[in-house]
Amino acid sequence: MVEAVLLDLFSLPANLQNIRGLLCNILETVEKCSSDPAPFIYVMCCHRQGDERNSEQESFLPDPRDIQSLKGRLEVVAASTTSAALYSIKQRLDEKDLSIVKVILPSLRKDLMKVYIDHLFTPVYQFEFEHLQVASDCKNLQIAECRSEEQAFPTQDVALIRSEIQMYLESLPSLKGELTILRSSLIPGDIFIHGFTTRTGGISYIPTLSSCNLFSSSKRRDPQVVVKENLRRLANAAGFDPETFHRIKTDHGNAVYVMGKTEPDSYDGIVTNQKGVTIAAPGADCIPVLFADPVRKACGAAHSGWKGTLLGVSMATVNAMVSEYGCNVSDILVVLGPSVGPCCYNLPHESAEEFHRIDPKCVRLFDSARPYVDIRKATRVLLENGGILPENIQDDSGTDQNQNVTFCTACHPEKFYSHFRDGNNFGTQIGFISIKD
């Protein structure tokens, strides 16, 4: 069932005659063919600053009161670029949690519109297309089925669309306050750039993703272009190059990618000794763990959820630094970033038993069906058992809370994303590190 109709008039001339009556007929057709309730209808048109004809064009649109079932469900969205208009419509779709959209547009706009949609939307949304046929005298409009054949859109035009989208997203204000980076006093700032992000200072607007979401997937509504803009703002604030940024491809395992070698399809640890390259581990309850060796000038990052913790992903990352770069375990500094704390996180008893075997202090209410588990404590124990000095590990066990960067993500909804707290449409923060040039 179609939930929304997008009527694309962006390319039609402002002096189009009889558009009000003709569009009224189109909307009546949409109304008759729709189930109850009728779909929301968004009419997209061009508005250039200082162009008086735009308001005149909008006046040609039928009054929603003329079509009773569409009352309150018809809206004109005027903007100076297709990017701005389509992104505004996306926000309206997301506010209403709508995903199935019919696009009615002039045939010459279809391939172009599909490029915009591919960039600004994710597979969460479903689009179907119908042609709005415009006669040469601009006095006749009618809807026809779109032909199925596909044509390759010129590469140079795709590049122009990407540039337009990027410029528009860069112009948007930051949401939920300024961008904030948490830094550890343990990692020397004269050698490394590093930090842990919070959820503020980006442009993601969906409540559970707002605002500095740094991960896009086919199951979420934040597209890659929005995440890329959030990353650009982070890179600008932190002082690294977003073009040499590498994020871990998580699999909740213990595989480690050594930069410069063949990249695995998935991995939860990454190490490098290349200057100017920024590596990062995601986290939205799982621990983003950062590693730094100021002697050998090497660094690493790991994504450690409960499965990765049990599989020893942190020590696997340490071992990769030792074997690849000649690091001494006693020189490696380790910082655990924001993650779900033992105050909030529980697991089935059989999983909690494995943490209990690492150290009984990792589990609280052990005899219950779902004991509370401390994946941070388990990570520290495994690191110390592997030779990392206790004073070279920073987590939430320190007494100086002013130096704490290992906050509970579930306890602080204003600062952090949390899968445990927010469900499947959750945002993602990261821990990042690079060696200064």
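Remember, predicted model here, so these are calculated numbers, not experimental data.

Reading the values: the criteria
- Residues numbered from 1 in each chain as written.
- Predicted model: local features only at pLDDT ≥ 70, side-chain atom pairs only at ≥ 80, totals over all residues.
- Heavy atoms only, no water.
- Salt bridge = Lys/Arg side-chain N within 4 Å of Asp/Glu carboxyl O.
- Helix = DSSP H or I, 4+ residues; strand = E, 2+ residues; numbered from the N terminus.
- Buried < 20%, exposed > 50% of the residue type's maximum accessible area, 1.4 Å probe, protein only.
- Contact = heavy atoms within 4.5 Å.
- Polar contact = N/O pair within 3.5 Å; in protein donor to acceptor, adjacent residues only side chain to side chain.
- 1 Å grid on protein atoms, 1.4 Å probe; cavity = no way out; pocket = protein on both sides within 12 Å on 5 of 7 lines; lining within 4 Å.
- Points joined across faces, edges and corners; volume = space filled by probe spheres on them.
- Nonpolar A, V, L, I, M, F, W, Y, C, P; charged D, E, K, R; others polar.
- Domains from an automatic or database assignment.
- Pairing = 2+ DSSP bridges.

Applying the stated rule across the entire model yields 15 salt bridges. A salt bridge links Asp8 to Arg109, with the nearest nitrogen and oxygen atoms 2.8 Å apart. Here Asp8, found in strand E1 (residues 4-8), pairs with Arg109, found in the loop between strand E4 (100-105) and helix H4 (110-120); they are 101 residues apart in sequence, far enough to count as distant. Asp8 gets classed as buried once you look at its relative accessible area, which sits at 0%.

Mapped onto the fold, Ser418 is located in the loop between strand E18 (393-394) and helix H11 (419-422). According to the relative accessible area criterion, Ser418 is buried, its value standing at 0%. Remark: the alpha-carbon pair of Ser418 and Ser339, spanning 79 residues in sequence, is separated by 8.2 Å. Sequence-distant contacts of Ser418, that is, excluding residues within four places in its chain, are made with Ala284, Asp285, Thr409, Ala410, Gly423 and Phe426. Here Asp285 takes part through its side chain, which lies 2.9 Å from a polar atom of the side chain of Ser418. At 3.4 Å, the side chain of Ser418 forms a polar contact with the backbone nitrogen of Phe420.

In this model, the largest pocket occupies a volume close to 640 Å³. Around the largest pocket sit 27 residues that line it, and Arg220, His252, Cys286, His419 and Phe426 are the ones nearest its centre. Elements with a minimum of two residues in the lining of the largest pocket: strand E12 (278-283), helix H7 (306-311) and H11. Residue classes in the lining of the largest pocket are distributed as 11 nonpolar, 10 polar and 6 charged. Taken as a whole, the second largest pocket spans an internal volume of roughly 370 Å³. Of all elements in the fold, only helix H5 (155-171), helix H6 (224-238) and strand E9 (245-247) reach the threshold of two or more residues within the lining of the second largest pocket. Looking at which element gives the most residues to the lining of the second largest pocket, the answer is H6, with 7 residues. Considering only residue class, the lining of the second largest pocket consists of 7 nonpolar, 3 polar and 7 charged. Counting contributing residues, the lining of the second largest pocket receives three or more from each of domain 1 (4-49 + 57-137 + 148-171) and domain 2 (181-435).

Tallied over the entire structure, the rule returns 1 cavity of 30 Å³ or more. What lines the largest cavity is simply Ser304, Thr309, Gly312, Val313, Ser314, Met315, Thr379 and Leu382. Secondary structure elements with two or more residues in the lining of the largest cavity: helix H8 (313-325) and helix H10 (375-385). Considering each element in turn, the lining of the largest cavity owes the most residues, 3 residues, to H8. By residue class, the composition of the lining of the largest cavity is 3 nonpolar, 5 polar and no charged.

Summarising burial for strand E8 (residues 192-197): 6 of the 6 residues are buried, a large majority. Because side chains alternate across E8, one face comprises the buried residues Phe192, His194 and Phe196, and the other comprises Ile193, Gly195 and Thr197, equally buried. Across 2 bridges, strand E7 (residues 181-182) lies against E8 in antiparallel orientation. Each residue of the ladder has a partner; that of Leu182, found in E8, is Phe196. By the bridge criterion, 5 bridges tie E8 to strand E19 (residues 429-435) in an arrangement that is antiparallel. When the bridges of E19 are listed, Gly195 appears paired with Phe432.

Pairing is mixed in the open sheet, where 5 strands are placed in the order E7-E8-E19-E12-E9. Each edge of the sheet is formed by a strand with only one pairing partner; in this case those strands are E7 and E9. Pairing of E12 with E19, which is carried by 6 bridges, proceeds in the antiparallel orientation. Looking at the pairing, Ala280 lines up with Phe432 of E19.

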